[in-house]
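# Notes for the structure review
Now for the letters of each chain:
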Amino acid sequence: MPMLLSLLLLLLFQTPRVSGVLDGPDPKQMENAPPLGYHAIETGLVLPDGIKLGASSGVAFDARGHMWVLNRGEHPLMEFDANRKFVRSFGEGMYNRPHGLRIDPQGNVWSTDVQGHTVMKMSPKGEVLLTLGTRGQPGAWDESAGTRLLYEPADLAFAPNGDVFIVQGHGRGEGRVLRFDRAGKFIKSWGGKGSEPGQFDQPHSILVTAQNQVYVADRENRRVQIFDMDGRFIKAWKFAGLPCGLYAAADGQLYLASGFSGQILRLNGDGKPVAMMGQPGKALGEFGEAHYMAIAPDSDIYVADTINAKLHRYAKNK
């Protein structure tokens, strides 16, 4: 019995606390706003024989209009051309649990490994150019102690000056924002466990605006916190659901994917939802988890769904 109790306690403290997957719409966790004006369609990806798309966790578009999908299958990084035809895959054997994906202004592919505790920068051909953290070794980034480790990095963002911002702490690690220069030199970090301004409970996504403001989706606190580049708190926006994926369109329009609540929200400058689409479920266009999103050059919206294990696609209503 003591051994069984010890095992149960170990599982309890090692398992991240997350809110539950919804079987259907829950008004208490959903925002009210006019329709976004999109409808779900089949993704239409053309894959070669023997290549399967696993549960997608991230999606992004490069300057050529090529779509990149990070997924939890045998081929974790996939590139598709503007017609959604498969181009290549890479990253095989390099991830423990793929999570976030961003493309920098130079076209390099950045991704996070939430259980491998690393952030990787790759060229469009799959050459590893930079790795932050050490695979399989969670820990603190402490320059004074000589430790340069990450703990469950979830997402990253690029500032106008090229600095790289990372959010980490996906349930076990402490929630923090870490700032590096474009070469990977550590600058500073801020955060800590809690619900006060500047503290986090599973920060899940991050953006840096053209105005040098840092937006952090503080998931389990159900808010987006806004800081300056040095971590000084500015304000916070509260949400009914779980802020999961932040996305800024080319024109600066801000969107939010709301995780298990199953919504894509268009936000105004005050963080208020002005349009929405989606709901939890398993039908076409319904979410297990609206994880991260991206908008294609043709205005179609793609959303990675880790629970329903698919990539959703939505087209504008005519």
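Up top is the structure these notes are about.
Report on the accompanying structure. (Residues numbered from 1 in each chain as written. Predicted model: local features only at pLDDT ≥ 70, side-chain atom pairs only at ≥ 80, totals over all residues. Heavy atoms only, no water.)

### Examining the overall build of the chain
In terms of regular secondary structure, the chain is built from one helix and 26 strands. Taking 2.2 N^0.38 as the reference for a compact globule, 318 residues should give roughly 20 Å; the C-alpha atoms of the chain span a radius of gyration of 19 Å, in line with that estimate. Each principal axis of the C-alpha distribution contributes one length, and for the chain these read about 55 × 50 × 45 Å. A burial count over the chain gives 55% of its 318 residues as buried. (Helix = DSSP H or I, 4+ residues; strand = E, 2+ residues; numbered from the N terminus. Rg over C-alpha atoms; globule rule 2.2 N^0.38 Å. Buried < 20%, exposed > 50% of the residue type's maximum accessible area, 1.4 Å probe, protein only.)

### Remarks on the layout of surface pockets
The space that makes up the largest pocket amounts to roughly 1200 Å³. Contributing to the lining of the largest pocket are 45 residues, with Ile103, Phe158, Leu207, Val208 and Ala248 lying nearest its centre. Tallied by class, residues from the lining of the largest pocket come to 29 nonpolar, 11 polar and five charged. (1 Å grid on protein atoms, 1.4 Å probe; cavity = no way out; pocket = protein on both sides within 12 Å on 5 of 7 lines; lining within 4 Å. Points joined across faces, edges and corners; volume = space filled by probe spheres on them. Nonpolar A, V, L, I, M, F, W, Y, C, P; charged D, E, K, R; others polar.)

### Looking at the sheet that holds strand β21 (residues 254–257)
If you walk across this open sheet you meet the four strands as β20-β21-β22-β23, and the pairing is antiparallel. Whereas interior strands pair on both sides, the edge strands pair on one side only; in this sheet they are β20 (245–248) and β23 (273–277). Adjacent strand axes in the sheet meet at a mean angle of 25° when their direction is disregarded. (Pairing = 2+ DSSP bridges. Axes fitted to C-alpha atoms, helices over the stretch in contact; angles between N-to-C directions.)

### A look at the side chain of Glu289
Along the polypeptide, Glu289 turns up in the loop between β23 and β24 (292–295). Classification of Glu289 by relative accessible area gives buried; the value is 5%. In terms of polar contacts, Glu289 uses its side chain to reach the side chain of Arg219, at 3.4 Å. Not counting residues within four places of it along the chain, the set of residues in contact with Glu289 comprises Arg219, Cys244, Gly259, Phe260, Ala304, Asp305, Thr306 and Ile307. (Polar contact = N/O pair within 3.5 Å; in protein donor to acceptor, adjacent residues only side chain to side chain. Contact = heavy atoms within 4.5 Å.)

### Considerations on the packing of aromatic side chains
As enumerated under the stated definition, the model contains 13 aromatic pairs in all. Taken together, a centroid distance of 5.7 Å and an interplanar angle of 75° make the contact between Phe180 and Phe186 edge-to-face. Residue classification places Phe186 among the buried positions, given a relative accessible area of 19%. One aromatic cluster in this structure is built from Phe165, Trp190, Phe200, Phe227 and Phe233. (Phe/Tyr/Trp six-rings, centres within 6.5 Å; stacked < 30°, edge-to-face > 60°.)

### Observations concerning empty space enclosed by the protein
This model, assessed by the stated rule, comprises one cavity of 30 Å³ or more. The space that makes up the largest cavity amounts to roughly 40 Å³. The wall of the largest cavity is formed by Gln29, Glu31, Phe239, Gly241, Leu256, Ser258, Ser261, Gln263 and Leu265. Its residues assigned to classes, the lining of the largest cavity shows three nonpolar, five polar and one charged.

### Quick notes on the nonpolar core
With 28 residues, the main nonpolar core has Leu36, Met67, Tyr255, Ile264, Met293, Ile301 and Val303 as its most contacted residues. Of all the secondary structure elements, the ones that give two or more residues to this core are β2 (56–61), β3 (67–71), β4 (77–80), β21, β23, β24, β25 (301–305) and β26 (310–316). Residues within four places of Met293 in sequence aside, it is in contact with Val59, Tyr247, Tyr255, Ile264, Ile301, Tyr302 and Val303. In terms of nonpolar packing, the next biggest core, distinct from the first, is built from 15 residues, Ala157, Val167, Trp190 and Tyr292 among them. (Core = buried A, V, L, I, M, F, W, Y, C linked by side-chain atoms within 4.5 Å.)

### Some remarks on the pattern of salt bridges
Throughout the structure, instances matching the rule amount to 16 salt bridges. Residues Arg64 and Asp62 are paired through a salt bridge, measuring 2.7 Å at the closest nitrogen-oxygen approach. Exposure remark for Asp62: the relative accessible area of 11% places this residue in the buried category. Across the pair Arg172 and Glu152 runs a salt bridge whose closest N-O atoms are separated by 3.3 Å. Residue Arg172 is located in the loop between β13 (164–168) and β14 (176–180), and its partner Glu152 is located in the loop between β11 (147–148) and β12 (153–158); the two are separated by 20 residues in the primary sequence. Accessibility expressed as a relative area gives 2% for Glu152, which makes it buried. Beyond isolated ion pairs, a larger network of salt bridges with shared partners links Asp163, Arg179, Asp228, Asp230 and Arg232. (Salt bridge = Lys/Arg side-chain N within 4 Å of Asp/Glu carboxyl O.)

### Details of the sheet that holds strand β19 (residues 233–238)
Strand order in the open sheet formed by four strands is β16-β17-β18-β19, and the pairing between neighbours is antiparallel. Edge strands, defined here as strands with exactly one partner in the open sheet, are β16 (203–208) and β19. Within the sheet, the average angular offset between the axes of one strand and its neighbour, ignoring direction, is 20°. One ladder, built from six bridges, connects strand β17 (residues 213–218) with strand β18 (residues 223–228); its direction is antiparallel. Following the sheet pairing, Val216 is matched in β18 by Gln225.

### Looking at the side chain of Ser261
Relative to the helices and strands, Ser261 is located in the loop between β21 and β22 (264–267). Residue classification places Ser261 among the buried residues on the basis of a relative accessible area of 1%.

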